Amino acid sequence: MPGIYLHIPFCRKACTYCDFHFSTSTQGKARVLNAMALELEQRATEMEGSVGTIYFGGGTPSLLEASEIARFMQDIRGRCSVAPDAEVTLEANPDDITEERLAAWKELGITRLSLGTQSFREERLRFMGRAHTAEQALRSIALIAKAGFASWTIDLIYGLPQMSLAEWDEQLTIALEHGMPHLSAYCLTVEAKTALAHQVAKGAVHMPEDADQSAQLDRLMSRMEAAGLVHYEISNFGLPGHFSRHNSSYWDGVHYLGIGPSAHSYNGATRRWNVANNIRYAKALEAGEPYWESETLNAAQRTNELLLTGLRTLAGVALYKLELDALAINRPSFEQYLAQGLLLVQDGRLVLTKAGRHFADRIASDLFVSADDRPDRA
Ligand code: SF4
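Reading guide: rules and limits
- Residues numbered from 1 in each chain as written.
- Predicted model: local features only at pLDDT ≥ 70, side-chain atom pairs only at ≥ 80, totals over all residues.
- Heavy atoms only, no water.
- Pairing = 2+ DSSP bridges.
- Helix = DSSP H or I, 4+ residues; strand = E, 2+ residues; numbered from the N terminus.
- Buried < 20%, exposed > 50% of the residue type's maximum accessible area, 1.4 Å probe, protein only.
- Lys, Arg positive; Asp, Glu negative; His and termini not counted.
- Salt bridge = Lys/Arg side-chain N within 4 Å of Asp/Glu carboxyl O.
- Polar contact = N/O pair within 3.5 Å; in protein donor to acceptor, adjacent residues only side chain to side chain.
- Contact = heavy atoms within 4.5 Å.
- Domains from an automatic or database assignment.
- Buried area = accessible area lost by both parts, 1.4 Å probe.
- Near = heavy atom within 4 Å.
- Nonpolar A, V, L, I, M, F, W, Y, C, P; charged D, E, K, R; others polar.
- Expected span 1.5 Å × (residues − 1).
- Arc of directions from axis to C-beta.

Draft legend 1. Representation of the pairing of strand β11 (residues 270-274) in the model. Judged from the three bridges that link them, strand β10 (residues 264-266) and β11 form a sheet pairing that is antiparallel. In the sheet register, Ser265 faces β11, and the bridge partner there is Arg272. Linking β10 back to β11 in an antiparallel pair, the connection comprises three residues, with Gly268 at a positive phi of about 100°. Sheet topology note: the β11/strand β12 (residues 292-296) ladder contains five bridges and is antiparallel. By the bridge assignment for β12, Asn274 is matched with Trp292.

Draft legend 2. Examining the side chain of Arg357 more closely. Relative to the assigned elements, Arg357 resides in the loop between β15 (349-352) and α14 (360-367). The buried charged residue Arg357 lacks any salt bridge partner; its closest oppositely charged side chain belongs to Glu225, at an N-O distance of 6.7 Å. A distance of 3.0 Å separates polar atoms of two side chains, one belonging to Arg357 and the other to His231. Those residues within four positions of Arg357 in sequence are excluded, and the remaining contacts are Leu217, Met221, His231, Ile234, Leu314 and Leu352.

Draft legend 3. Representation of the domain arrangement of the protein. Once the domains are mapped, the protein shows domain 1 (3-250) and domain 2 (299-373). Distance between the C-alpha centres of domain 1 and domain 2: 28 Å. Of the roughly 890 Å² buried between domain 1 and domain 2, counting both surfaces, carbon and sulfur atoms make up 55%. Taken together, domain 1 and domain 2 are joined by two salt bridges. Lys354 serves as the salt-bridge partner of Glu225, at 2.8 Å between the closest nitrogen and oxygen. Taken together, the links from domain 1 to domain 2 amount to eight residue pairs in polar contact (both at pLDDT 80 or more).

Draft legend 4. Spotlight on the site of the ligand. Neighbouring the ligand are Cys11, Lys13, Cys15, Tyr17, Cys18, Phe20, Phe22, Gly59, Thr60, Asn93 and Arg130. Partitioning the shell around the ligand into residue classes produces six nonpolar, three polar and two charged.

Draft legend 5. Molecular detail of helix α8 (residues 210-226). Along its 17 residues, α8 runs 24 Å from first to last C-alpha, staying within 8% of the 24 Å computed at 1.5 Å per residue. For α8, every residue scored as buried is listed here: Gln213, Gln216, Leu217, Leu220, Met221 and Met224. Each buried residue of α8 lies within a common arc of 140° when the element is viewed along its axis, so the set occupies one face. Structural note: α8 exposes Ala211, Glu225 and Ala226 on the side pointing more than 90 degrees away from its buried face. Packed against the buried residues of α8 are β5 (151-158), α6 (165-177), β6 (182-187), β7 (230-233) and β8 (236-238). One or two residues past the end of α8 sits Gly228, with phi positive at roughly 85°.

Draft legend 6. Representation of unusual backbone geometry in the model. Of the consecutive residues Gly58 and Gly59, the connecting peptide bond is found in the cis state with omega at 20°. Positionally, Gly59 belongs in the loop between β2 (51-58) and α2 (66-79). The phi torsion at Gln162 lies on the positive side, around 60°, for a residue other than glycine. A positive phi is found at Lys193, a non-glycine position, where the angle reads about 65°.

Laid out in structure tokens, this is it:
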């Protein structure tokens, strides 16, 4: 079932590692939200069939007033057919969590809360430039655990400078002690043009060795397995019944509509992305001018996307779905990864082994087909 993503492009503070689109000024918030409502009105007819998932992401959607979330929910329900069991996720930061707000979000139809915790340690939160404190992180997870959402999840970051296995274990223990049904765990990466990239370039921050980050991923996998959380995507673990349906749709190539500055959309053939600038986005919508770019994917691009996203999942890539014979073209890489025990062919699917999960993106890109290699289809 198709999904709707709403990008709320505002944050209280800029986290040092973040390269998402957001503004730390909420001055133009009403104007941007109005423009998003207009975009939704204009594009709702693009949704074919019932909407199965709605995702408020960002940015920091928990900065919105309940009335602003209610307006989007009403607009979506008024303009699209929404499945009765639709998954509705809201990303929230710990500094926005109160019992009252959790109750209000539930009342509005939010079924799944995604908490941007990142760490329970004060010095780590300061290092990452997060707006919340460790005390707020601990308090918010306790409140969410008893708030009664159908599901909830937290984000944690590993691979931090000088992070020991003991520290990582401590983070996972805190989360598990609260009965966390889902975890998204990301290895810290240095994205271009971020404050972290600048700190690393001038030698103020030294990133850990790959071996340390790799040991933390191994520990993460074994701790989650022991707790019964399935490693269903490279960065995601969930108890059965708690996998993110919205994110799984991206990995399965399901269609989605992205609303808001920088949001991406996919209709099975064309990718489209909105301008990543709040004012330009709002102005263009108000003036009836284009605010997006798009590209229609060719068979090689579709095959490569399937390899990149599918190999990150537990289910892997169904070979029959590859429109081009990527494995025939890249036979040496394919054979090499099979021989190294990083890749398996199982029941007509290409899957990474546990060892292979450390190199998911590299393995996928080594199997990519290039436009020049494309065999002619008979
Ligand atoms: S709160 Fe999230 S979106 Fe905002 S700057 Fe931090 S990581 Fe980026």
